[in-house]
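Topology and contacts: notes
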Amino acid sequence: MKYKSVKGMDDILPQDVWLWQELESRARKELESSGYVEIRTPILEETAVFIRGIGETTDIVTKEMFTFSDRKERSLTMRPEGTAPIVRSYIEHSLGNISPVLRLYYIGPMFRAERPQKGRSRQFHQIGVEVIGSFSPYADVEVLAQLDKLLKAFGLSGYVIKLNSLGCKSDKLKFTESLKQYLADKINLLCEDCRNRVGKNVLRVLDCKKESCTQAMRGAPNILDNMCLKCARHFEEVKSSLKALGINFQETKNLVRGLDYYTATVFEITHPALGTQDAIGAGGRYDNLIKDMGGECAGAVGYALGLERIILALKGHAARKPDRNVIYIATLGDAARLEGLKISESLKDGLALPNLVVLRDMGEASLKSQMRSADRQNAKVVIILGEDEMKEKKLTIKDMRPGGSQVSVAAELVVEEVRRILC
RNA sequence: GUGGGCGUAGCUCAGCUUGGCUAGAGCACUUGGCUGUGGCCCAAGGUGUCGGGGGUUCAAAUCCCCUCGCCCACCCCA
């Protein structure tokens with residue numbers, strides 16, 4: 001085979017695409033009915049948007065971005081995530097003027113140059129939400145409640161919402177320092193990865209699964225103990241409101257997010273069906289990002305869902321492929337073929353059927369093989385137009401469902417007759 | 001970047017251990033049996049770089065070396 005798709009970038013084939021369309025349309029319906037509006041930002045951004053936005057020491061920025069120079073030596077990057085571009089757009093177009101609290105959503109591909117594995121590819125798709133313009137804990141609650149509802153709308157069950165708070169910027173800093181101090185004389189007890197993490201992102205040592213590290217972390221300082229009163233209250237408010245709404249969550253004190261911009265509330269949705277990449281979605285607050293990127297100070301919360309991972313989690317009890325109402329027009333001869341085209345147009349115009357699909361045969365296949373393909377396409381009705389029918393200005397309409405019969409009607413009456421059979 | 005597994009028909013795979021007939025099966029696809037009627041049944045239809053390259057051998061899908069690709073896991077993340 002000469003050409004194949006680029007590593008980690010997969011085709012979504014015709015036989016699978018319905019599920020993607022189904023999930024996307026459910027998401028749009030769900031989110032728009034709650035006042036979210038879609039935003040579409042470009043695939044490419046100036047590299048600096050991500051360095052500033054995600055954090056220059058994060059793994060995403062240091063080793064996972066598709067970055068290249070254009071013809072004028074500008075450094076461009078294919079977006080590895082959706083939040084930084086949206087914040088860029090928010091500032092660039094003063095979107096805060098639309099309304100003090102802006103609810104945005106996006107659906108689209110993201111790109112990270114990682115080694116592919118189950119639930120992880122180099123081009124993957126996210127559905128994400130950003131609420132910009134509020135520091136209130138109720139924004140967090142609204143977003144989480146909406147997220148829970150969206151997952152249910154997808155038909156998902158068995159997922160777990162993990163919740164934590166990192167505290168505000170200065171809390172985070174203080175906590176990072178005290179962790180480093182705590183670990184200063186324990187470096188030798190940690191695994192190789194964690195020794196690295198101490199300098200780069202100490203918080204990650206908290207969720208290392210290695211026995212030796214978990215041991216060493218016993219007695220480590222707690223995030224909650226290092227949190228300022230305001231952040232502690234914020235977190236309490238989020239938790240009690242979620243409980244009041246009946247939304248189940250697990251408080252997970254070692255939950256840490258890898259992107260630098262997260263502050264205060266952070267969360268992650270995991271699903272057991274996935275394998276080791278078990279997060280189907282994650283998000284949190286990013287109260288400093290907008291200011292850090294050059295905008296006015298504004299609070300914000302958001303999350304992103306990995307569509308590929310949602311689909312993996314859905315395997316087994318996936319949504320049913322929607323039923324199509326297929327009408328197949330079988331023709332014999334050139335004149336009939338033209339007439340068939342006209343009929344298919346009048347059927348599409350005249351029949352107000354949901355999911356109506358009118359198929360026509362292209363070539364000069366025998367009636368037998370046309371009937372076969374009609375059957376394979378699950379046609380409910382076949383309209384046969386041959387020489388006899390042309391001569392008499394009539395049509396044969398066959399009901400393909402088990403026990404269905406076949407009638408001959410005048411050409412002008414097709415729409416009516418098909419409606420009688422199908423409706 | 002680091003481990004491990006796997007590459008034979010469009011798909012799922014057998015054959016490889018112990019080298020040897022024209023490299024197979026099921027599914028799918030096309031056509032026909034039924035010259036204008038689907039599903040079931042029957043029949044016929046394959047120029048497959050046996051992932052690629054090199055080596056060993058009279059002989060390689062099969063053994064050896066290299067390489068590429070895919071998958072799973074680490075790392076990281078949605």
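Residues numbered from 1 in each chain as written. Chains lettered and ligands numbered in written order. Predicted model: local features only at pLDDT ≥ 70, side-chain atom pairs only at ≥ 80, totals over all residues. Heavy atoms only, no water.

Secondary structure summary: chain A contains 15 helices and 16 strands in total. What you see for chain A is a C-alpha radius of gyration of 28 Å, clearly larger than the 22 Å of a compact globule of 423 residues, by over 25%. Dimensions of chain A along its principal axes, counting C-alpha atoms only, are 95 × 55 × 45 Å. By the burial criterion, 49% of the 423 residues in chain A qualify as buried. Carbon and sulfur atoms make up 50% of the accessible area of chain A, which amounts to about 22200 Å² in all. (Helix = DSSP H or I, 4+ residues; strand = E, 2+ residues; numbered from the N terminus. Rg over C-alpha atoms; globule rule 2.2 N^0.38 Å. Buried < 20%, exposed > 50% of the residue type's maximum accessible area, 1.4 Å probe, protein only. Areas by Shrake-Rupley, 256 points an atom, 1.4 Å probe, with all protein chains shown as cover.)

Attention now goes to the environment of leucine 76. As for its position among the elements, leucine 76 is in strand β4 (residues 75-78). Under the relative-accessibility criterion, leucine 76 is labelled buried at 16%. With residues near it in sequence (within four places) discarded, leucine 76 still touches Leu44, Glu45, Glu46, Thr47, Phe66, Thr67, Phe68 and Asp70. (Contact = heavy atoms within 4.5 Å.)

Moving on: the pattern of salt bridges. If you walk through the whole model with that rule in mind, you get 22 salt bridges. Residue arginine 28 is joined to glutamate 38 by a salt bridge in which the shortest nitrogen-to-oxygen separation is 3.0 Å. Of this pair, arginine 28 sits in helix α1 (residues 17-32) while glutamate 38 sits in strand β1 (residues 37-38), placing them 10 residues apart in sequence. When its relative accessible area of 25% is taken as the criterion, arginine 28 is described as partly exposed. (Salt bridge = Lys/Arg side-chain N within 4 Å of Asp/Glu carboxyl O.)

With domains assigned, chain A is organised as domain 1 (14-168 + 228-317) and domain 2 (325-422). Using C-alpha coordinates to define each centre, domain 1 is positioned 48 Å away from domain 2. (Domains from an automatic or database assignment.)

The subject of this paragraph is the packing of α1 against helix α11 (residues 307-314). When two helices pack together, their arrangement is given by the angle between their axes and by how far apart the axes lie. Contact geometry for α1 and α11: axes closest at 11 Å, N-to-C directions at 105 degrees. Considering their axes alone, α1 and α11 lie roughly perpendicular with respect to each other. In contact with Leu19, Trp20, Leu23 and Glu24 of α1, α11 contributes Leu307, Glu308, Ile310, Ile311 and Leu314. Here the residues of the contact of α1 with α11 sort into seven nonpolar, no polar and two charged. (Axes fitted to C-alpha atoms, helices over the stretch in contact; angles between N-to-C directions. Parallel < 35°, antiparallel > 145°, perpendicular 65-115°, else oblique. Nonpolar A, V, L, I, M, F, W, Y, C, P; charged D, E, K, R; others polar.)

Moving on, we come to the protein's contact with RNA strand B. Around RNA strand B, the structure places 48 residues, and the nearest of them are Arg112, Arg120, Arg197, Arg204 and Arg257. In RNA strand B, the atoms that sit within 4 Å of the protein are 54% sugar and phosphate, with bases accounting for the remainder. Here a phosphate oxygen of RNA strand B and a side-chain polar atom of arginine 376 are 3.1 Å apart. One of the backbone N or O atoms of methionine 400 is found 2.7 Å from a base nitrogen in RNA strand B. Of the residues forming the surface near RNA strand B, the biggest block, seven residues, is contributed by helix α13 (residues 367-376). Taken together, the residues that form the surface near RNA strand B break down as 11 nonpolar, 13 polar and 24 charged. (Near = heavy atom within 4 Å. Polar contact = N/O pair within 3.5 Å; in protein donor to acceptor, adjacent residues only side chain to side chain.)

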